[in-house]
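Coordinates in review
Given next are the chains, with one letter for each unit.
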Amino acid sequence: MTTEILARTVDVTRRYGDVVALDRVTLDITAGELVGLLGPNGAGKSTLINLFAGLRSPTSGTVELFGGSPRDPAQRRLIGVTPQDTGLPQALKVGECVDFVSAHFPAGVARGPLLERFGLSDLERRQIGSLSGGQKRRLAVALAFAGDPRLVFLDEPTTGLDVDARRTLWDGVRDFHAEGGTVVLTSHYLEEIEALAHRVVVVGDGRVLADDTMEKVRDIVGVRRVSLTAAELPELPGVVGVERQGERVHLVTLDADELVRELVRADVPFSGLEVRQTSLEEAFLAITARPAVLA
Amino acid sequence: MALAFTHAKYQLLETARIPIAIVGSAFFPAAAMLFFVVPFAGDHPVGATMATASMMMFAVMSTSLFTFGVGVAEDRAQPWDPYLRTLPAGAFPRFAGRILSGLAVMAVSLVPVLLIAAFLTKASVTVGGLLLGLAALALGSVPFTLLGLFVGYVMPTKAAVAVVQVIFFPMAVGGGLLTSPVDPPAFIAAIAPYLPSRGAVELVWAAVGDFSPRPITMVMLAVWTLAAGAAAVWGYRRDEGTRFA
């Protein structure tokens, strides 16, 4: 396994006015990795990708792409990025759009195999404006591969796709990775990150909260939400977040079983006990509120 | 540079798929030719030639202001624009491609005016005069292209559409494009020399007929071109700084 670093940030901070989008982030992307960037909206995932793609420069710190600045167009010859599908040029045909994008790269790929890989062969001569949302999404992802990249950044690649289309797309990404390609993927869907990524970087509030293997991060994300009606509660172990709505208390915990045992042992009066899997978003909010639990 | 042509090609392809856009920019000058020039000056060789020159300047002004003003504002609103910035080419091919495709649309909008002048009026010009006239049009389009770019870079689309119209019409009328070159109404005679449309059209008149541009209009044309250039560069940098800093 090679350890060549394709992209990295060193101590990068990015502000938008008073808002700190990224706070001293240091991250290496090594050749051959399939990295999932996980985090709620506004966590800083898109800012991070924009920095790597050369759209933004850091307020402080350095961003490197293949050893140079991503702001230099020449450094971007070996990357691929997904456009937002809402912005695709409506009047162009699918094949033309692919040709147009690949014309920017020294080693643009042939459009036939590329469209084939993403299940777009039948749509080659259709105007983009006439495609369905899912078809546009697939084209947007395909465009990231049009320049025969070594490293692709896929921002929410399967949002709005049905199950079949999602699996087709995942296969496309896996094929690319199997041939030695490097992938950085952002997603809201834990399932998607689980299906694809080997390494997971959890971002929240502009910081890297966790950077580990899929398995380790899955444990962290295995957070439960215990809801009950109770007037007063003692200090309970393993609670990473508390939210009160009148009589109702919601406790976010890493170990729901232990929490319930402890509640019973403490002999506090409660009713309406409910244990639920948290959404990813809730889990991140809890983790973000108490980053110490990850230490 | 090859990439600039690629960009121009696909931009034209997009424009051509919605042909009403081209029809629109060719319609007004052609209609003005049919309604004003043909019936009133059509039988007068010099008058028809000068009026045709005015209408061509009119077409060039409208396409430069609209394609660049509204086109750039629209591009900026689309997420496609930042995506193109991630490709290994930088901002130049896109920009140059837009200028090239704008010139092409401009050329297309001139064709009906030329045809109407040739077949329905007594306007006449030598081949050299015609080429010189086209060169003068290209030169005269520069301040309007720059003004259009300025508007496009500082305003959202809806505002750009309105502002471009507000700039275009007074400049066309005030510059004397719709009135006689030699004997305009008094208020037009008073303001015309200070508008870039006047300097531009005087160059075209000089190219195709017996007309000497006045120094004041030439100086004002240069001043407008420089000012519009500075404004366009400022707008471009500001936009880059806001969106891609």
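Everything numeric in this text was worked out from a predicted model, so none of it was measured.

Let us now look at the overall build of chain A. Secondary structure assignment for chain A yields nine helices and 13 strands. Its C-alpha atoms give chain A principal-axis dimensions of roughly 70 × 40 × 40 Å. Relative to its 295 residues, chain A shows a buried fraction of 50%. In chain A, the proportion of contacts linking residues at least 24 apart, taken out of those at least 6 apart, comes to 64%.

Our focus in this paragraph is the side chain of A:Gln75. All names here are of chain A. Summarising the element assignment, glutamine 75 is placed in the loop between strand S4 (60–65) and strand S5 (79–81). By relative accessible area, which is 19% here, glutamine 75 ends up buried. Setting aside residues no more than four positions away along its own chain, glutamine 75 makes contact with Leu65, Phe66, Gly67, Gly68, Ser69 and Pro70.

This part takes up the sheet that holds strand S11 (residues 239–245) of chain A. Residues and elements named next belong to chain A. Taken in spatial order, the four strands line up as S11-S12-S10-S13 in an open sheet, and their pairing is antiparallel. Strands with a single pairing partner mark the edges of an open sheet, and in this sheet they are S11 and strand S13 (271–277). Put simply, the sheet's adjacent strands are angled 15° from each other on average, direction ignored. Pairing analysis gives six bridges linking S11 to strand S12 (residues 248–253), with the strands arranged antiparallel.

Right, let's talk about the sheet that holds strand S3 (residues 34–38) of chain A for a bit. Residue and element names in this part refer to chain A. Read across the sheet, six strands follow the order S5-S6-S7-S3-S8-S9 without closing on themselves; strand pairing throughout is mixed. Among the strands making up the open sheet, the edge pair consists of S5 and strand S9 (207–213). Sheet twist, expressed as the mean angle between neighbouring strand axes with direction ignored, is 15°. Inspection of the sheet shows S5 paired to strand S6 (residues 151–155) by three bridges, in the parallel sense. Paired with valine 81 across the strands is phenylalanine 153, a residue of S6.

Ranked by size, the top nonpolar core spans 73 residues in total, and within it A:Val101, A:Leu139, A:Leu143, A:Phe145, A:Leu151, A:Leu154 and B:Trp80 carry the most contacts. Ignoring any residue separated from it by four or fewer positions in sequence, one finds A:Leu154 in contact with A:Thr82, A:Val141, A:Ala144, A:Phe145, A:Val173, A:Val183, A:Val184, A:Leu185 and A:Thr186. Counting residues in each nonpolar core, the second largest holds 48 residues, with B:Ala59, B:Val60, B:Met106 and B:Leu221 among its members.

As a further point, take the packing of aromatic side chains. Taken as a whole and judged by the stated rule, the model has 11 aromatic pairs over all chains. In this structure an aromatic cluster arises from ring pairing among A:Phe118, A:Phe145 and A:Phe176.

Domain boundaries assigned for chain A yield domain 1 (5–219) and domain 2 (224–277). Once you take the C-alpha centre of each, domain 1 of chain A and domain 2 of chain A turn out to be 39 Å apart.

Turning our eyes to something else, we now look at a nonpolar patch on the surface. All names here are of chain B. A contiguous nonpolar surface patch, about 930 Å² in accessible area, is contributed by Leu34, Phe35, Phe36, Phe40, Val111, Leu115, Phe119 and Leu120. The set of elements that each furnish at least two residues to the nonpolar patch consists of helix H2 (20–41) and helix H5 (92–120). On the secondary structure map, phenylalanine 35 appears in helix H2.

With that out of the way, let us pick up the confidence of the model for chain A. All names here are of chain A. Per-chain confidence: chain A averages 86 in pLDDT, with 92% of residues scoring 70 or above. Ranking the elements of chain A by mean pLDDT puts helix H9 (residues 280–289) last with 60 and S4 first with 95. Counting interchain partners and residues more than four positions distant, the pLDDT-below-50 stretch residues 291–295 has seven contacts.

Any two side chains of opposite charge can pair, given that their charged atoms come close. Within the structure shown, the criterion is met by 24 salt bridges over all chains. One salt bridge in this structure joins A:Asp23 and A:Arg24, with 3.1 Å as the shortest N-O distance. For A:Arg24, a relative accessible area of 56% translates into the label exposed. Among the salt bridges present, the one from A:Asp211 reaches A:Arg199, with a minimum N-O distance of 2.9 Å. Taken as a pair, A:Asp211 in strand S9 and A:Arg199 in strand S8 (residues 199–204) lie far apart in primary sequence, 12 residues in all. By relative accessible area, which is 36% here, A:Asp211 ends up partly exposed. A residue is classified by how much of its surface remains accessible, and A:Arg199, at 14% relative accessible area, is buried. Residues joined in a network through salt bridges with shared partners are B:Asp75, B:Arg76, B:Asp81, B:Arg94, B:Arg98, B:Asp239 and B:Arg243.

A few words now on the interface of chain A and chain B. Between chain A and chain B, the contact holds 31 residues from the first and 23 residues from the second. Buried surface at the junction of chain A and chain B, summed over both partners, amounts to about 2400 Å²; 65% is from carbon and sulfur atoms. Between chain A and chain B we count one salt bridge in total. Note that B:Arg17 is salt-bridged to A:Glu96, the shortest N-O span being 2.8 Å. At the junction of chain A with chain B, the criterion picks out seven residue pairs in polar contact (both at pLDDT 80 or more). Broken down by secondary-structure element, the contributors of at least two residues to the side of chain A that touches chain B are S5 and helix H2 (94–102) of chain A. Here the element with the most residues in the side of chain A that touches chain B is H2(A); it accounts for five residues. Considering only residue class, the side of chain A that touches chain B consists of 16 nonpolar, seven polar and eight charged.

Reading guide: rules and limits
Each residue is numbered by its place in its chain's sequence as written, counting from 1. All chains are assigned letters beginning at A, and all ligands numbers beginning at 1, according to the order in which they are written. Given that the model is predicted, a residue must reach a pLDDT of at least 70 before its local features are reported, and side-chain atom pairs must reach 80 or more before they are shown or counted; all residues, however, enter totals for whole chains, interfaces and linings. Hydrogen atoms and water are omitted, and side-chain values are computed over all heavy atoms in the structure. Strands here mean DSSP runs of E at least two residues long; helices mean DSSP runs of H or I at least four residues long; both are numbered from the N terminus. Summary of the burial criterion: residues with accessible area below 20% of their type's maximum are buried, those above 50% are exposed, and those between are partly exposed, where the area comes from a 1.4 Å probe applied to protein chains only. Any two residues having at least one pair of non-hydrogen atoms within 4.5 Å are treated as being in contact. Only strands joined by at least two bridges in the DSSP assignment are considered to pair. All axes here are fitted lines through C-alpha atoms, helices being fitted over the stretch that makes contact, and every angle between N-to-C directions spans 0 to 180 degrees. Put simply, buried Ala, Val, Leu, Ile, Met, Phe, Trp, Tyr and Cys residues joined by side-chain atoms within 4.5 Å make one nonpolar core. Whether two aromatic rings pair depends on their centres lying within 6.5 Å, for rings of Phe, Tyr and Trp, where Trp uses its six-membered ring; planes under 30 degrees apart make the pair stacked, over 60 edge-to-face, and the rest tilted. Domain delimitation follows an automatic or database domain assignment. For patches, a residue must show more than 30% relative accessible area and have no salt bridge; joins then use 9 Å for like charges and 5 Å for nonpolar side chains, namely Val, Leu, Ile, Met, Phe, Trp and Tyr. For the accessible areas, the method is Shrake-Rupley and the probe is 1.4 Å, while residue cover comes only from the protein chains on display. We count a salt bridge whenever a side-chain nitrogen from Lys or Arg sits within 4 Å of a carboxyl oxygen from Asp or Glu. The quantity known as pLDDT measures the predictor's confidence residue by residue, on a range of 0 to 100. The buried area of a pairing is the accessible area, by a 1.4 Å probe, that goes missing from both parts when the two are put together, added over both. Here a polar contact means two N or O atoms within 3.5 Å. Within protein one must be a hydrogen donor candidate and the other an acceptor candidate, and residues neighboring in sequence count only if both atoms are side-chain atoms. Each residue is assigned to one class: nonpolar for Ala, Val, Leu, Ile, Met, Phe, Trp, Tyr, Cys and Pro, charged for Asp, Glu, Lys and Arg, and polar for all the others, Gly among them.

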